Protein chains: 2
Amino acid sequence: MKIVIVGGVAGGASAAARARRLSEEAEIVVLERGAHPSFANCGLPYYVGGEIESRDRLLVAPIRLLRERLRLDVRVRSEVTKIDPQSKVVTVKDLETGKEYTESYDSLIIATGASPFRPPLPGIDNERIVSLRDLNDADRMRDLATKGATRAVIVGAGFIGIEVAENLVRCGIETTIVELAEQILPPWDREMILPLEKHLVAEGIDLRLGASAKQFDSAQGKVNVTLNDSSVIAADFVVLCIGVRPDSKLAAEAGIECGPRGGIRVNDQMETSIPHIYAVGDVVETKCSITGDPIQIPLAGPANRQGRIAADRIFQRESHYRGTEGTAVVGMFGQTAAMTGMSEKILLAKKIPYEKIYLHPTDHAGYFPGAKQMLLKLLFSPDDGKILGAQAVGTSGVDKRIDVIAMAIQAGMTVYDLEEAELCYAPQYGHAKDPVNMAGFIASGVLRGDQPIIHASTIADQSPESLFLLDVRTAGEYAKEHIPGAVNIPIEELRDRIDEVPAKQPIAAYCQVGQRGYLATRILLQHGMNARNISGGYRLWSILEDPS
Amino acid sequence: MKIVIVGGVAGGASAAARARRLSEEAEIVVLERGAHPSFANCGLPYYVGGEIESRDRLLVAPIRLLRERLRLDVRVRSEVTKIDPQSKVVTVKDLETGKEYTESYDSLIIATGASPFRPPLPGIDNERIVSLRDLNDADRMRDLATKGATRAVIVGAGFIGIEVAENLVRCGIETTIVELAEQILPPWDREMILPLEKHLVAEGIDLRLGASAKQFDSAQGKVNVTLNDSSVIAADFVVLCIGVRPDSKLAAEAGIECGPRGGIRVNDQMETSIPHIYAVGDVVETKCSITGDPIQIPLAGPANRQGRIAADRIFQRESHYRGTEGTAVVGMFGQTAAMTGMSEKILLAKKIPYEKIYLHPTDHAGYFPGAKQMLLKLLFSPDDGKILGAQAVGTSGVDKRIDVIAMAIQAGMTVYDLEEAELCYAPQYGHAKDPVNMAGFIASGVLRGDQPIIHASTIADQSPESLFLLDVRTAGEYAKEHIPGAVNIPIEELRDRIDEVPAKQPIAAYCQVGQRGYLATRILLQHGMNARNISGGYRLWSILEDPS
Ligand SMILES: Cc1cc2nc3c(=O)[nH]c(=O)nc-3n(C[C@H](O)[C@H](O)[C@H](O)COP(=O)(O)OP(=O)(O)OC[C@H]3O[C@@H](n4cnc5c(N)ncnc54)[C@H](O)[C@@H]3O)c2cc1C
Ligand SMILES: Cc1cc2nc3c(=O)[nH]c(=O)nc-3n(C[C@H](O)[C@H](O)[C@H](O)COP(=O)(O)OP(=O)(O)OC[C@H]3O[C@@H](n4cnc5c(N)ncnc54)[C@H](O)[C@@H]3O)c2cc1C
Ligand SMILES: CC(C)(COP(=O)(O)OP(=O)(O)OC[C@H]1O[C@@H](n2cnc3c(N)ncnc32)[C@H](O)[C@@H]1OP(=O)(O)O)[C@@H](O)C(=O)NCCC(=O)NCCS
Ligand SMILES: CC(C)(COP(=O)(O)OP(=O)(O)OC[C@H]1O[C@@H](n2cnc3c(N)ncnc32)[C@H](O)[C@@H]1OP(=O)(O)O)[C@@H](O)C(=O)NCCC(=O)NCCS
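The numbering scheme is per chain: residues are counted from 1 as the chain's sequence reads. In the order they appear in the text, chains get letters beginning with A and ligands get numbers beginning with 1. At least 70 in pLDDT is required for a residue's local features to be given in this predicted model, at least 80 for side-chain atom pairs to be given and counted, and no such filter applies to totals for whole chains, interfaces and linings, which use all residues. Here the side-chain values reflect all heavy atoms present in the structure, with hydrogen atoms and water set aside.

## A look at the overall build of chain A
Consideration 1: Numbering goes from the N terminus for both helices and strands, where a helix is a DSSP run of H or I of at least four residues and a strand is a run of E of at least two. When its secondary structure is counted, chain A shows 17 helices and 31 strands.
Consideration 2: In terms of overall size, chain A behaves like a compact globule, its C-alpha atoms giving a radius of gyration of 26 Å where 548 residues would be expected to give roughly 24 Å.
Consideration 3: Dimensions of chain A along its principal axes, counting C-alpha atoms only, are 90 × 60 × 40 Å.
Consideration 4: Any two residues having at least one pair of non-hydrogen atoms within 4.5 Å are treated as being in contact. Counting only contacts in chain A whose residues sit at least 6 apart along the sequence, the fraction spanning at least 24 positions is 62%.
Consideration 5: Working definition of accessibility: Shrake-Rupley area with a 1.4 Å probe, residue cover restricted to the visible protein chains. Working note: accessible area of chain A is about 20100 Å², and carbon and sulfur atoms make up 49% of it.
Consideration 6: Positive and negative side-chain charges of chain A, numbering 60 and 71 respectively, have mean locations separated by a distance of 3 Å. Computation of the radius of gyration draws on C-alpha atoms alone. For the globule rule, the value is 2.2 Å times the number of residues to the power 0.38. Only four residue types enter the tally: Lys and Arg on the positive side, Asp and Glu on the negative side, with His and both chain ends excluded. Charge positions are represented by NZ for Lys, CZ for Arg, CG for Asp and CD for Glu.

Below, the structure is given as structure tokens:
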């Protein structure tokens, strides 16, 4: 068996390593265009910013190790320029010598990844307009960032853009992020990342949402970036982080089926449309495990596991890729945003029925020092309570809760299962009722009709006649700030002052985060009133109200 | 509906709060013997040590809040001395006045918790021999610890004993822990907590394992603690942490069925053997969700959720307690130990077939600063790969992995599901192949026969003739330390030196943590040899070898 692998990093190196473990006999050739196989793409931004000090640390499995330990025939600076599925050979260009040669294969794995998108804008061909994919890029950017530059523009506020921004700030560079969407981190729902946007601004980042770069001009060693509003920023360099495109040209030219967004189509054993050719990682179109819809998900976990599965398939193993829930995490200036499953916007777009709840639990028991509040959103099916997605933002404990909910989604669990989840508890780690339980309690209460809710985002649309806004916080909390038009009856007084609440009108009760509002809702409902709780309370409302 | 609740802390207060939310009409009487309802038992050790500075922080729901917000009739210093199920009344003793009165109920919830065990040893009735259950105890202990004491003895190294020890050391007290078992933290498997024992010793704790206190003598304001080896420790005070016993006397006297270890028997809706009487929390016998066996599990999460379920049952809700996996976590001097599901010793005792694997992953990507290694053990069924339990010990990321695996157990998942788990990844949070995936890979490999393993604990029993020990680490690693009798062939050289390995003899390969040993095993197996990998590698072997 001779296996040829195109691309030697996350998916490719994983496939090669697994193939070797499965077969000592196989001839395994890894062809990598760049200077290094198996490097830590995900560490590049932190190398640019100096948090990762040594470049060598990024070489996860150095070439020598791959050669000596795994007896892989790794060839760097070797670009595959053509695949001929008929004769089962690839054409390889040695980038050192410029010479081309062919290499035959029994099985071919395409793990070419995805390239940063470079939009065809005037002036884009400027050596000070860079992007970040490999070590060369990182070296160049580190150079730019540490040798006299004072101002940079990042185009795109996806997770790589955000990570780069944090690291440029770390280098002391005044940084502007230009993002076409009205929010950073497009996969997240908007309200979830509004607090993070404020945080970025507080850290000194000049955040331009709903903005785009129109043109780039070279001037006195700088790039003048012209935005759609005609403002111009003079930057020492520009970083393009507006997403990636599958490096599938090679595959498409060989007649391998690709999806509309360029991803190579594969089945759950990573087989492409052409026999003996497999594809894994950023270059493929995979499926969403929840809807079954095709999706391109350029993340390292899927790439690594898919590489393993492709190798398994070659050796007749029954491994299957289950699709992705899009579980992801990103850190920025001490904050964390994590998500799994479907976002509300995707559910809306796909017209999938859902309900959602918000809560603001602390990462660990409030009575233990250092507890930090997070914002957690749970999306679930209104029919059977099946968990559809979750997002969380905060300082700590965020990735843990999303990982736990990710497992629940993968197990097909419901919000009722979260109610009864048994998780670790000691005061410095969590709660006797963990945020995951709490999310389950609230969501189950909603589905059982115990806790009818109304969403803060819909409040503004209602006239005061159609909705009585009841603030059940203390008089002090109310005086400080409240939703306009709300009437204050502290929860402790509600029972005695119930006749101040209109008996026939729909009522939206709220408190700071939702818990007292829930109790108020219970009280009112049991008095036969038409009450709902504003999910996420005043805090969520104020996030939505003041997105600036 | 009149609900009377005996005990007003974790289980009792949760039941009362939930009952109120379900019914505004119900009369809800909470009878609490102590001075405070709803306090943070789990925070007590940290209050003693001063990490939690203010006593008020421990009052999770102050009595006023329970009265005013939830309209609970909370009576403190009120001890229930008798239950009469026939006439449905309880007798209450007002501990302030000494007066007794009766209180009728429609539904009664017993949430009396469990008391620290006080063994009937000579001299035990000494006011300097204390234990830690409530705020009074904590005040007393804090007093003892901060007013001139220099030496304390803790009897019992369960999680409370360990937490108390940490906090006494924090107070500058020379602390001895005396533990009858040969290990601390009895629910964990021994090898898992050996590193923690060393850690405790390094932090200055005088750890006496396999030792017991035999006698206590008062002398010059101190307690002389005589151990079973006749040594005597002169302590300023002694803390008893040798477990708790259900406070079920009241229930037993009323004819309510209790298990052999004293726990009140309940069904999955927290109903006792007598109609209209429910019991929740530390006082009950519940069941292990994996085996269905009865178990007493004095933990706050179950108590809280059971309280909620009892209230639900009273109002005809279909809530069911699913049993416990024993998910728990404890911190000590910056280290964390967490577990879920069954331990190896329980599996052995119950004769349940199992296999296990060990790994030493870091909490996050090794190339990102601050990565810390943990020890993770996974127990699973050799038949279908069903996950039976997991334990982990380390500095960070430990509770996360155990929570994720806890969810997997609750979902009835297998090690094959862990292989394909999709979890959060960015370098500061985890790995592209998370430790949970990695545990799944290894365990699945074992079950598929790709990675036959041998356990470090069995090596010593084998003669050199029956087992060829192959160390595949570098010559340098081998020179530093190795398993006696092992032959060194670095993994990179193994293929070329394969004839140095006996073709017919069983071989145990190993490296530092198991990964190179696995590759060696693959190589040897494919040469037709009878090879196994030492799970957990040299590191685990050395933990077992040198438990001191
Ligand atoms: C800056 C940055 C930060 C990231 N952070 C995270 C993170 O925190 N979490 C996360 O999950 N993911 C992260 N990712 C994404 C993750 O790195 C990718 O999903 C993953 O590397 C994809 O693996 P792959 O094997 O498909 O592609 P790659 O790892 O990109 O490897 C593809 C390789 O193929 C080579 N190649 C392409 N074409 C050819 C050819 N014709 N011939 C030979 N070789 C070729 C390329 O040179 C490249 O080295 C990050 C990516 C970047 C760039
Ligand atoms: C120091 C310490 C640390 C702990 N740390 C943790 C931890 O980190 N994680 C964890 O999960 N668990 C921990 N626990 C255990 C946890 O606190 C208990 O599992 C939980 O509190 C049990 O709840 P419960 O309602 O059953 O009993 P409790 O919370 O103990 O409440 C029972 C109450 O009933 C009252 N009572 C008893 N008899 C009567 C009577 N006859 N009449 C009236 N009132 C009565 C008692 O005064 C008591 O206040 C810890 C416990 C202690 C003591
Ligand atoms: C480094 C790289 C070549 C590793 O490939 P790999 O050997 O398959 O992966 P790992 O080093 O994680 O090891 C996993 C294998 O070792 C085994 N293993 C790991 N620890 C073990 C232990 N303690 N005992 C026994 N086996 C162990 C696993 O079972 C698995 O083998 P399997 O797939 O045959 O079941 C590849 O992942 C890579 O290039 N990564 C860097 C690029 C990248 O991922 N970038 C994106 C993220 S920054
Ligand atoms: C404090 C105590 C009285 C709380 O009881 P509780 O009100 O049931 O619990 P919580 O305060 O956690 O609130 C949970 C309830 O509020 C609801 N809730 C919480 N946050 C909410 C939000 N943001 N929006 C809407 N509802 C919310 C939950 O759904 C749940 O209600 P439900 O059970 O009717 O579904 C009780 O748990 C206690 O005494 N604890 C201290 C003692 C203890 O547990 N010790 C051991 C650990 S140290």
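## What about the interface of chain B and chain A?
Consideration 1: Counting from both sides, the interface comprises 88 residues of chain B and, opposite them, 88 residues of chain A.
Consideration 2: Note: buried area is the sum, over both parts, of the accessible area (probe 1.4 Å) each one loses when the two are combined. Roughly 7900 Å² of surface becomes buried between chain B and chain A when both sides are summed, with 52% attributable to carbon and sulfur atoms.
Consideration 3: Salt bridges, as used here, are contacts in which a Lys or Arg side-chain nitrogen is within 4 Å of a carboxyl oxygen on Asp or Glu. Taken together, the links from chain B to chain A amount to 20 salt bridges.
Consideration 4: Whenever two N or O atoms come within 3.5 Å, that pair is a polar contact, provided that in protein one can donate a hydrogen and the other can accept it, and provided that, for residues adjacent in sequence, both atoms are side-chain atoms. For the pair chain B and chain A, the number of links is 48 residue pairs in polar contact (both at pLDDT 80 or more).
Consideration 5: In terms of residues, the side of chain B that touches chain A owes the most to one element, helix α10 (residues 398-410) of chain B, which gives nine residues.
Consideration 6: The classification used treats Ala, Val, Leu, Ile, Met, Phe, Trp, Tyr, Cys and Pro as nonpolar, Asp, Glu, Lys and Arg as charged, and all other residues, Gly among them, as polar. Class assignment of the residues belonging to the side of chain B that touches chain A gives a composition of 41 nonpolar, 18 polar and 29 charged.

## So, the domain arrangement of chain A
Consideration 1: Structurally, chain A comprises domain 1 (2-113 + 245-314), domain 2 (129-242), domain 3 (334-448) and domain 4 (453-545).
Consideration 2: By convention here, the domain bounds are inherited from an automatic or database domain assignment. The distance between the C-alpha centroids of domain 2 of chain A and domain 4 of chain A comes to 41 Å.

## Thoughts on the relation of the copies chain B and chain A
Each of the two copies of the chain can be brought onto the other by a rotation about an axis and a shift along it.
Consideration 1: When chain B is fitted to chain A, the best match, at an RMSD of 0.0 Å, comes from turning it 180° and sliding it 0.0 Å along the axis. The relationship between the two copies is best expressed as a two-fold rotation axis.
Consideration 2: An overlap of 100% is found between the interface residues of chain B and their copies at the interface of chain A, pointing to a shared contact surface. Superposition of the copies used a least-squares fit over C-alpha atoms from residues whose pLDDT is at least 70 in both.

## A look at helix α6 (residues 190-202) of chain B
Residue and element names in this part refer to chain B.
Consideration 1: Counted at 1.5 Å a residue, the expected span for α6 with its 13 residues is 18 Å, and the 18 Å between its end C-alpha atoms agrees.
Consideration 2: Buried within α6 we find Glu191, Met192, Ile193, Leu194, Leu196, Glu197 and Leu200.
Consideration 3: Phi for Gly204, located one or two positions after α6, is positive at around 100°. Multiplying 1.5 Å by the helix residue count minus one yields the expected span of that helix. The classification of residues rests on relative accessible area computed with a 1.4 Å probe and restricted to protein chains. Under 20% of the type maximum is buried, over 50% is exposed, and intermediate values are partly exposed.

## Description of the site of ligand 4
Consideration 1: When at least one non-hydrogen atom of a residue lies within 4 Å of a molecule or strand, that residue is treated as near it. Close to ligand 4 lie 29 residues, the nearest being A:Gln515, A:Tyr518, B:Arg18, B:Ser38 and B:Arg308.
Consideration 2: Residues within reach of ligand 4 are spread across chains A and B.
Consideration 3: Taking A:Val513, its main chain carries an N or O atom lying 3.2 Å from a nitrogen atom of ligand 4.
Consideration 4: Note that a nitrogen atom of ligand 4 is positioned 2.8 Å from one of the side-chain N or O atoms of B:Asn41.
Consideration 5: Protein coverage of the free-state accessible area of ligand 4, which is 960 Å², stands at 90%.
Consideration 6: With six residues, the top contributor of residues to the shell around ligand 4 is helix α1 (residues 10-22) of chain B.
Consideration 7: Considering only residue class, the shell around ligand 4 consists of 17 nonpolar, eight polar and four charged.

## Things to note about the sheet that holds strand β20 (residues 284-287) of chain B
Across a sheet, strands are paired by hydrogen bonds formed along the backbone, either parallel or antiparallel in direction.
Residues and elements named next belong to chain B.
Consideration 1: Pairing between strands is defined by DSSP: at least two bridges between the two strands are required. A sheet is described by the order of its strands in space; here three strands give the open sequence β18-β20-β21, paired in mixed fashion. Each end of this open sheet is capped by a strand with a single partner; those strands are β18 (264-265) and β21 (294-295).
Consideration 2: As defined by bridge partners, β18 adjoins β20 across two bridges and the pair is classed as parallel. Bridge pairing links Ile264 to Val284 in β20.

## Looking at the packing of α6(B) against helix α17 (residues 537-545) of chain B
All names here are of chain B.
Consideration 1: In the contact formed by α6 and α17, the axes pass within 9 Å of each other and the chain directions differ by 75°. Overall, the two elements α6 and α17 adopt an arrangement that is roughly perpendicular. Of the residues in α17, those in contact with Glu191, Leu194 and Pro195 of α6 are Leu540, Ile543 and Leu544.
Consideration 2: Partitioning the contact of α6 with α17 into residue classes produces five nonpolar, no polar and one charged. For helices, the fitted axis covers only the stretch in contact; all axes are lines through C-alpha atoms, and the angles between them, taken along N-to-C directions, range from 0 to 180 degrees. An angle below 35 degrees is read as roughly parallel, one above 145 as roughly antiparallel, one from 65 to 115 as roughly perpendicular, and any other as oblique.

## Focus: the confidence of the model for chain A
Consideration 1: The predictor reports its confidence for every residue as pLDDT, a score running from 0 up to 100. On average, chain A scores 97 in pLDDT, and the residues at 70 or more come to 100%.
Consideration 2: Both scores are given for the predicted complex: the pTM is 0.98, the ipTM 0.98.

## Some thoughts on the site of ligand 2
Consideration 1: Lining the immediate surroundings of ligand 2 are 34 residues, of which A:Tyr425, B:Gly11, B:Glu32, B:Asp282 and B:Ala300 lie closest.
Consideration 2: The environment of ligand 2 is shared, with nearby residues belonging to chains A and B.
Consideration 3: At a separation of 2.7 Å, an oxygen atom of ligand 2 approaches a polar backbone atom of B:Gly11.
Consideration 4: In the environment of ligand 2, an oxygen atom lies 2.7 Å from a nitrogen or oxygen atom belonging to the side chain of B:Asp282.
Consideration 5: Protein coverage of the free-state accessible area of ligand 2, which is 980 Å², stands at 94%.
Consideration 6: Contributions of two or more residues to the shell around ligand 2 are made by α1, β4 (78-84), α5 (159-170) and α8 (300-314) of chain B.

## Things to note about the UniProt feature "domain: Rhodanese" (unreviewed entry) in chain A
Consideration 1: If you check UniProt for "domain: Rhodanese" (unreviewed entry), the listed places come out as residues 463-546 of chain A in our numbering.
Consideration 2: In residues 463-546 of chain A, helix accounts for 37% and strand for 18%; the two terminal C-alpha atoms are 20 Å from one another. UniProt positions are given in the numbering used here, feature names are shortened, and annotations may be inferred rather than shown by experiment.

## Some remarks on α5(B)
The α-helix advances 3.6 residues per turn, and as a result positions three or four apart in sequence lie on the same side.
All names here are of chain B.
Consideration 1: Given a rise of 1.5 Å per residue, 12 residues ought to cover 16 Å, and the 17 Å separating the end C-alpha atoms of α5 matches this to within 8%.
Consideration 2: Turning to α5, its buried residues are Gly161, Ile162, Glu163, Val164, Ala165, Glu166, Asn167 and Leu168.
Consideration 3: Remark: Gly172 follows α5 within two positions and exhibits a positive phi of approximately 85°.

## Let's talk about the environment of B:Arg532
Residue and element names in this part refer to chain B.
Consideration 1: On the secondary structure map, Arg532 appears in strand β31 (residues 531-535).
Consideration 2: A residue is classified by how much of its surface remains accessible, and Arg532, at 25% relative accessible area, is partly exposed.
Consideration 3: For the pair Arg532 and His455, spaced 77 residues apart in sequence, the C-alpha separation works out to 9.4 Å.
Consideration 4: Every residue in contact with Arg532, bar those within four places of it in the chain, is listed here: Pro452, Ile453, Ile454, Leu467, Pro506, Ile507, Ala508, Ala509 and Thr521.

## So, the side chain of B:Glu344
Consideration 1: By the element assignment, B:Glu344 lies in helix α9 (residues 344-349).
Consideration 2: Taking relative accessible area as the criterion, B:Glu344 reaches 11% and is therefore assigned buried.

## Regarding the sheet that holds strand β20 (residues 284-287) of chain A
Consideration 1: In spatial order, the strands read β18-β20-β21 (chain A); together these three strands make up an open sheet with mixed pairing. The sheet is open, and its two edges are formed by β18 (264-265) and β21 (294-295) of chain A, each paired on a single side.

## Observations regarding the pattern of salt bridges
Consideration 1: Evaluation of the coordinates by the stated rule reveals 86 salt bridges over all chains.
Consideration 2: Across the pair A:Arg305 and B:Glu422 runs a salt bridge, and its minimum N-O distance is 3.9 Å. Separated into two different chains, A:Arg305 in helix α8 (residues 300-314) and B:Glu422 in the loop between α11 (415-419) and α12 (435-447) make up a pair that spans both.
Consideration 3: The exposure class assigned to B:Glu422 is buried, which follows from its relative accessible area of 2%.
Consideration 4: For A:Arg495, the salt bridge identified is with B:Glu24, shortest N-O distance 2.7 Å. Of this pair, A:Arg495 sits in the loop between α15 (491-494) and β30 (507-510) while B:Glu24 is found in the loop between α1 and β2 (27-31), placing the two residues in two different chains. For the pair A:Arg495 and B:Glu24, a shared accessibility class is recorded, and that class is buried.

## Thoughts on the pairing of strand β25 (residues 375-380) of chain B
Residue and element names in this part refer to chain B.
Consideration 1: By the criterion of burial, β25 is predominantly enclosed, with six of the six residues buried.
Consideration 2: By the alternation rule, side chains of β25 split into Leu375, Lys377 and Leu379 and Leu376, Leu378 and Phe380, which are all buried.
Consideration 3: Where strand β24 (residues 355-359) meets β25, five bridges bridge the pair, whose relative direction is antiparallel. Across the sheet, Lys356 pairs through a bridge with Leu379, a residue of β25.
Consideration 4: Where β25 meets strand β26 (residues 387-394), six bridges bridge the pair, whose relative direction is antiparallel. Along β26, the bridge assignment pairs Lys377 with Gln391.

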